[in-house]
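Structural characterization, general
Here is what each chain is made of, one letter per residue.
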Amino acid sequence: MELKLRDYQREALEAILKNKKGIVVLPTGAGKTIIGVALIKCLQKRYDEVEYYILVPTRALIDQWYAVLSKYKVPLTLGHVMTYASFISLAERSPTSIFGKITIEKSLLSATKPVSRTTLIIVDEAHHSHLDTKLWSAVLLANPEYLVGFTATPNPYKQYAIPVIYRRSLLELSEYIAELNIHKISVALEDKDRDQFLAYTQELAEIRRQIGTALKRGDMEKVEQLRLAEDSLLSIIPFTIAMDNNILNTTVDLASALYNETGERMLIRTMRIAAATVISEMIKKKAGIPGDKILVYRGKEDIDKLFHQNWKILISVKALSEGIDIPDLSLAILSSYEYGNLIGLIQTIGRTLRRTPTKERADVYILVPNLHKYEVAYERLMRYIRTGEQR
């Protein structure tokens, strides 16, 4: 299949070829993978040998990358697609073997003329890979000639080893992605859940204050203990919102109405498996939807169902916050989410943004509990949509 680039994709490719190392920031659905494919094919025309690694956060993305590479007939002889964890393990085990693979054919060629050769690493979802991560240590140890990061959401509070060399916002690319319509659904939590949430967040603030004090004293043993308490509390807080009866009922009523009105595929995101199960059962009863039309996606064990089951409602327990493409998805309901995780919200919304010949519009319904922290999270999200600013 012929590879056709849009103007901004061509500009991004030119920036990579000029700078050799850098991060490309484009909205989800804008075709960053296609830029990666175009880069590999371009380098393969310039050099006899191009050995490359494509690094991804999840196994599901490995299959997705291989499918695109195969679609555009990219040679895989010197190509590797692997998870971050696998690459880190390779670098720790044998850093000198990361690059150095050469084909028999090119070895014979080298007897008559020098073989031109280059190396490339593409880091997909590169916002995970800031300076204080093992992945960037491994990547820098490999020291490829070309090093490219792709992301829609670089973390503004983290430092990266390479600069942003190309960036475009949702507004700048509005003609290429689905028209995004955000619908705010205000929800009054049950008093017991609202009070519990406020108590948990006050406790969390106190733990973080104590962490700061312990760090100043240099008491790292105390810091470690407090970090464990912090992690435990952070795992509990979302459950309070996800399982609130008013959140559950609003989610089910909205999903049932949208299903009966449009019949289109939709994504529901929640923070807990228990909530996903309850929502699934309630929708079956309220909307009369057969069980095989609802998929509760928990992770890689459900990946085959995701792409081969004829589902209509996909309920994701955080697992589809990034990476996996579902081109025909045009509806999303954010039932519960982490109020402090703007990147996760952006990535979830991004699942609906890919424009197709039959889809030009995306509708995202965001449930906003009557809590200040969630109102702030919603305003931050809308500011990002308007300006691209993540702070």
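Residues numbered from 1 in each chain as written. Predicted model: local features only at pLDDT ≥ 70, side-chain atom pairs only at ≥ 80, totals over all residues. Heavy atoms only, no water.

Bringing the overall build of the chain into the picture now. The helix and strand inventory of the chain stands at 13 helices and 12 strands. In summary, the chain has a C-alpha radius of gyration of 23 Å against a globular reference of 21 Å for 391 residues, a match within 12%. Considering only C-alpha atoms, the chain reaches an extent of 80 × 60 × 35 Å along its principal axes. Put simply, the chain has 391 residues, and 53% of those count as buried. The long-range fraction of contacts in the chain, counting pairs at least 24 apart against all pairs at least 6 apart in sequence, stands at 76%. (Helix = DSSP H or I, 4+ residues; strand = E, 2+ residues; numbered from the N terminus. Rg over C-alpha atoms; globule rule 2.2 N^0.38 Å. Buried < 20%, exposed > 50% of the residue type's maximum accessible area, 1.4 Å probe, protein only. Contact = heavy atoms within 4.5 Å.)

Let us now look at the environment of Leu-131. Mapping Leu-131 onto the fold places it in the loop between β4 (117-124) and α6 (134-142). The partly exposed category is assigned to Leu-131, whose relative accessible area is 42%. In the structure, Leu-131 is positioned 138 residues away from Arg-269 in sequence and 30 Å away in space, judged by C-alpha atoms. Each residue touching Leu-131, except ones within four places of it in the same chain, is listed here: Trp-136, Gln-159, Tyr-160 and Ala-161.

Another point: the sheet that holds strand β7 (residues 179-187). Paired through backbone hydrogen bonds, the strands of a sheet run either parallel or antiparallel to each other. Spatially, β7-β12-β11-β8-β10-β9 is the arrangement adopted by the 6 strands of the open sheet, whose pairing is parallel. The open sheet has two free edges, formed respectively by β7 and β9 (294-297), since each of these has just one partner strand. Pairwise comparison of adjacent strand axes, ignoring direction, gives a mean angle of 15° for this sheet. Both strand β11 (residues 331-334) and strand β12 (residues 361-369) contribute to a ladder of 4 bridges, which runs parallel. (Pairing = 2+ DSSP bridges. Axes fitted to C-alpha atoms, helices over the stretch in contact; angles between N-to-C directions.)

In this section: helix α1 (residues 7-19). Taking 1.5 Å per residue as the helical rise, α1 with its 13 residues ought to reach 18 Å, and the 18 Å between its terminal C-alpha atoms agrees with that figure. Every buried residue belonging to α1 is among Tyr-8, Gln-9, Ala-12, Leu-13, Ala-15, Ile-16 and Leu-17, and all of these are buried. Looking at the packing, one finds that the buried side of α1 touches β1 (21-25), α2 (32-46), β5 (146-151) and β6 (164-167). (Expected span 1.5 Å × (residues − 1).)

It is worth spelling out the side chain of Arg-272 at this point. Looking at the secondary structure, you find Arg-272 in the loop between β8 (266-270) and α10 (273-287). No salt bridge forms around the buried Arg-272; measuring N to O, its nearest opposite-charge neighbour Glu-338 is 7.2 Å away. Not counting residues within four places of it along the chain, the set of residues in contact with Arg-272 comprises Ser-235, Ile-236, Pro-238, Phe-239, Ala-242 and Val-317. (Lys, Arg positive; Asp, Glu negative; His and termini not counted. Salt bridge = Lys/Arg side-chain N within 4 Å of Asp/Glu carboxyl O.)

Overall, the coordinates contain 7 aromatic pairs when judged by the stated rule. The interplanar angle of 70° and the centroid separation of 5.3 Å between the aromatic rings of Tyr-337 and Tyr-374 together place this pair among those described as edge-to-face. With Tyr-337 in the loop between β11 and α12 (342-350) and Tyr-374 in helix α13 (residues 372-387), this pair connects stretches of sequence that are 37 residues apart. Given a relative accessible area of 1%, Tyr-374 falls into the buried group. Note on Tyr-339 and Tyr-374: the rings are 5.6 Å apart at their centroids and 70° apart in plane angle, and the pair reads as edge-to-face. Taken together, the residues span a long stretch of sequence, with Tyr-339 in the loop between β11 and α12 and Tyr-374 in helix α13 at a distance of 35 residues. Taken together through their ring pairs, the aromatic side chains of Phe-197, Tyr-337, Tyr-339 and Tyr-374 make up a single cluster. Sitting above the plane of the Trp-311 ring, Arg-265 keeps its charged end 3.9 Å from the centroid. (Phe/Tyr/Trp six-rings, centres within 6.5 Å; stacked < 30°, edge-to-face > 60°. Lys NZ or Arg CZ within 6 Å of the ring centre and 35° of its normal.)

For the rest of this paragraph, the subject is the sheet that holds β6. Spatial ordering of the open sheet is given by β3-β2-β4-β5-β1-β6, a layout of 6 strands whose pairing is parallel. The open sheet is flanked by β3 (79-83) and β6, the only strands paired with a single partner. Taken pair by pair, the neighbouring strands of this sheet meet at an average axis angle of 20°, ignoring direction. Bridge count for β1 against β6 is 3 bridges, and the pairing is parallel. Residue pairing in the sheet places Val-25 in a bridge with Arg-167 of β6. Packing against the sheet, helix α4 (residues 84-93) makes contact with β2 (49-56), β3 and β4, and its axis sits at approximately 110° to β3. Contacts between α6 and the sheet are confined to β2, β4 and β5, with β4 contributing the most and set at about 170° to the helix.

What follows is about the packing of α4 against α6. The angle between the axes and the distance between the axes are what describe a pair of packed helices. At a closest axis distance of 9 Å, the pairing of α4 and α6 adopts a crossing angle of 50°. The angle between α4 and α6 falls in the class oblique. Like other packed secondary-structure pairs, α4 and α6 cross with a definite hand, here left-handed. Between α4 and α6, the residues in contact are Tyr-84, Phe-87, Ile-88, Ala-91 and Glu-92 and Lys-134, Leu-135, Ala-138, Val-139, Leu-141 and Ala-142, respectively. Residue composition of the contact of α4 with α6, grouped by class: 9 nonpolar, no polar and 2 charged. (Parallel < 35°, antiparallel > 145°, perpendicular 65-115°, else oblique. Left-handed = near helix turned anticlockwise from the far one by under 90°. Nonpolar A, V, L, I, M, F, W, Y, C, P; charged D, E, K, R; others polar.)

Nonpolar side chains in soluble globular proteins tend to end up buried together. Of all hydrophobic cores here, the largest spans 69 residues; its most connected members are Ile-283, Ile-313, Ile-333 and Ile-366. What Ile-283 contacts, discounting residues up to four positions off in sequence, is Val-252, Ala-255, Ser-256, Ile-268, Gly-288, Ile-289, Ile-294 and Ile-313. (Core = buried A, V, L, I, M, F, W, Y, C linked by side-chain atoms within 4.5 Å.)

The next point concerns unusual backbone geometry. Non-glycine residue Lys-73 carries a positive phi angle of around 55°. Using a relative accessible area of 66% as the deciding quantity, one classes Lys-73 as exposed.

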